[in-house]
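Listed here are the chains, written in short residue letters.
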Amino acid sequence: MKKVVKFGGSSLASARQFKKVGDIIRADKGRRYVIPSAPGKRNSKDEKVTDMLYACYDAASTGGSYKKILEKIKERYGEIIDGLDLDLNLDHEFDRIEENFVKGIGRDYAASRGEYLNGIVMAKYLGYEFIDAAEVIFFDENGAFESELTNQELSERLEHVERAVIPGFYGSKHDGTIKTFSRGGSDVTGSIVARAIHADLYENWTDVSGFLVTDPRIVEDPEVIETITYKELRELAYMGASVLHEDAIFPVRREGIPINIRNTNKPEDKGTMIVESTCKRPRYTITGIAGKKGFCAINIEKAMMNAEVGFGRKVLQVFEKNGISFEHMPSGIDTMTIMVHQDEFEDHEQSVIAGIHRAVEPDSVELESELALIAVVGRGMKATRGTAGRIFSALAHARINVKMIDQGSSELNIIIGVKNGDFENAIRAIYDIFVMAEL
């Protein structure tokens, strides 16, 4: 098997963590291509190396005092190198970094040096070949990622490389300027490498044992999702679940390569598998619960609106003219509700109300604020009767009033609207009825 393994900043924050990572990689001969992040925090009071690099660059490029910050960065890497007993000296690299910082070469360059230096250390520690991401991952002159060119170059470069370390988070433009990915940078690099080598599996190692059914800040010690499809993941991510960014998923999704989210500190845990499709029955009826606060509803009422051709289009055009996107649009025969983000809507509310009156001459327009939306997602719901009924029952038992319910035709998710103040209790009630009751 060919596996790409990406390790997050917390997994590489110290020599001790490096050793855990080394043990994980050596335990499986298939783990041949390694994507390291920059060293993260060693404890809650510590600083990430990337943050220190930003601070150092900002000071150096503006003629400020930066030497102390640079020394702290050197010390971090020195501690890792000494702790691993490596015969490695990064003085030459730091001299070049300092020179480029003083020149003001760019904040993307500064941010990328954490991964770059960690990649050199990791390659030395494992005895793998080091490949600078700037040589194989490309952006155009406008900073847009060039996926096909990168895939071609990376495939050719790695074709005869048995084992390699490629730093995450950055690449380069054609003039050699360093460019970083905007979000989930190292996750994106891992996915790009997995596609290029036609990997059998992309392992993403972090500090949690996979994705959780719901937010652990709301439900204490929630269950881990064993298997999730890309579609389910997208639904949960859209509703605020902290998961891999879509840019990190797309390269492997198009190749059908599964992703395995694993815990560096608990390598025995199987984690979460992210797959295109699966015939495995989910452990519970639902896969996950996620949600967001801060919505408002614009309730439009007009007799016989269902017979008025173009009614919905005219209403939505009013929101478009005011630069407001809508989240959901449940409707009845004579009613139509538009759910929008309250902070986006408040500055335009009177303009929107006036626009709706001019566009469709409604009988009434009413606003309801301080609402939350909760998504209950799961491929198992399609084959299970009474899912919506169980949700209503759980919420009624918890004395929570449902303001809205919306189910897509795919039967993959059900969206529930409740008051902001009922948000946490609603999630707990749904979790209890679908997870705790099915354990």
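Being a predicted model, the structure only gives us computed values, none of them experimental.

A. Quick look at the overall build of the protein chain. Counting its secondary structure elements, the protein chain contains 14 helices and 17 strands. A buried classification covers 51% of the 439 residues belonging to the protein chain. Here the analysis covers contacts within the protein chain between residues at least 6 apart in sequence; of these, 75% occur between residues at least 24 apart. With the model as given, the accessible surface of the protein chain reaches about 20800 Å², and the carbon-plus-sulfur share is 46%.

B. Quick peek at the environment of Glu255. Looking at where Glu255 falls in the secondary structure, it is placed in the loop between helix 9 (246-253) and strand 10 (259-263). The class of Glu255 is partly exposed, set by a relative accessible area of 36%. With near-sequence residues (within four places) excluded, Glu255 lies in contact with Arg195 and His198.

C. Structural context of the pattern of salt bridges. Summed over all chains, the structure comprises 28 salt bridges. Between Glu148 and Arg254 there is a salt bridge whose closest N-O contact spans 3.3 Å. Taken together, the positions of Glu148 in helix 6 (residues 147-158) and Arg254 in the loop between helix 9 and strand 10 put the pair 106 residues apart, joining distant regions of the chain. A salt bridge links Glu424 to Lys293; the shortest N-O distance between them is 3.0 Å. Of this pair, Glu424 sits in helix 14 (residues 423-434) while Lys293 is found in strand 12 (residues 288-301), placing the two residues 131 residues apart along the sequence. Using a relative accessible area of 41% as the deciding quantity, one classes Lys293 as partly exposed. One network of salt bridges, in which partners are shared, links Lys3, Asp28, Arg31, Glu203 and Arg262.

D. Layout of unusual backbone geometry. Residue His198 is not a glycine yet carries a positive backbone phi of 55 degrees. Note on placement: His198 falls in the loop between helix 7 (185-196) and strand 8 (201-206). Judged by relative accessible area, His198 falls into the exposed class, the value being 55%. Within the chain, Asp221 stands out as a residue other than glycine whose phi angle is a positive 50 degrees. Within the secondary structure layout, Asp221 lies in the loop between strand 8 and strand 9 (227-229).

E. Looking closely at the sheet that holds strand 5 (residues 164-165). The sheet built from eight strands is open, its strands ordered 3-5-2-1-8-10-11-9 with mixed pairing. At either margin of the open sheet sits one strand with a lone partner, and together these are strand 3 (129-130) and strand 9. As paired elements, strand 9 and strand 11 (residues 272-275) share three bridges and run parallel to each other. Bridge pairing links Ile228 to Ile274 in strand 11.

F. Here's a closer look at the pairing of strand 11. In terms of strand pairing, strand 10 meets strand 11 through three bridges, oriented antiparallel. Counterpart to Ile261 in the pairing with strand 11 is Thr272.

G. Broad picture of the sheet that holds strand 16 (residues 404-407). Spatially, the six strands line up as an open sheet ordered 13-14-12-15-17-16, and their pairing is antiparallel. Edge positions in the sheet fall to strand 13 (326-328) and strand 16, since each has one partner strand and no second. Shown here is a sheet whose adjacent strand axes are inclined to one another by a mean of 40 degrees, direction ignored. Seen against the sheet, helix 8 (residues 230-238) touches strand 12, strand 13, strand 15 (364-377) and strand 17 (413-419) and runs at an angle of roughly 65 degrees to strand 12. In the packing of helix 13 (residues 387-397) onto the sheet, contacts are made with strand 15, strand 16 and strand 17, and the angle to strand 17 comes to roughly 20 degrees.

H. Region of interest: the packing of aromatic side chains. Tallied over the full model, the rule gives nine aromatic pairs. Taken together, the ring pairs connect Tyr57, Phe101 and Tyr109 into an aromatic cluster. If you follow Arg113 out to its NZ or CZ, it ends over the ring of Tyr116, 4.3 Å from the centre. When the ring centre of Phe139 is taken as origin, the NZ or CZ atom of Lys179, which lies over that ring, is 5.6 Å away.

I. Focus on the environment of Gly30. Tracing the backbone through its elements, the reader meets Gly30 in the loop between helix 1 (15-26) and strand 2 (31-36). Measuring from C-alpha to C-alpha, the distance between Gly30 and Tyr57 comes to 38 Å, with 27 residues separating the pair along the chain. What Gly30 contacts, discounting residues up to four positions off in sequence, is Met1, Lys2 and Lys3.

Conventions and cut-offs
- Residues numbered from 1 in each chain as written.
- Predicted model: local features only at pLDDT ≥ 70, side-chain atom pairs only at ≥ 80, totals over all residues.
- Heavy atoms only, no water.
- Helix = DSSP H or I, 4+ residues; strand = E, 2+ residues; numbered from the N terminus.
- Buried < 20%, exposed > 50% of the residue type's maximum accessible area, 1.4 Å probe, protein only.
- Contact = heavy atoms within 4.5 Å.
- Areas by Shrake-Rupley, 256 points an atom, 1.4 Å probe, with all protein chains shown as cover.
- Salt bridge = Lys/Arg side-chain N within 4 Å of Asp/Glu carboxyl O.
- Pairing = 2+ DSSP bridges.
- Axes fitted to C-alpha atoms, helices over the stretch in contact; angles between N-to-C directions.
- Phe/Tyr/Trp six-rings, centres within 6.5 Å; stacked < 30°, edge-to-face > 60°.
- Lys NZ or Arg CZ within 6 Å of the ring centre and 35° of its normal.

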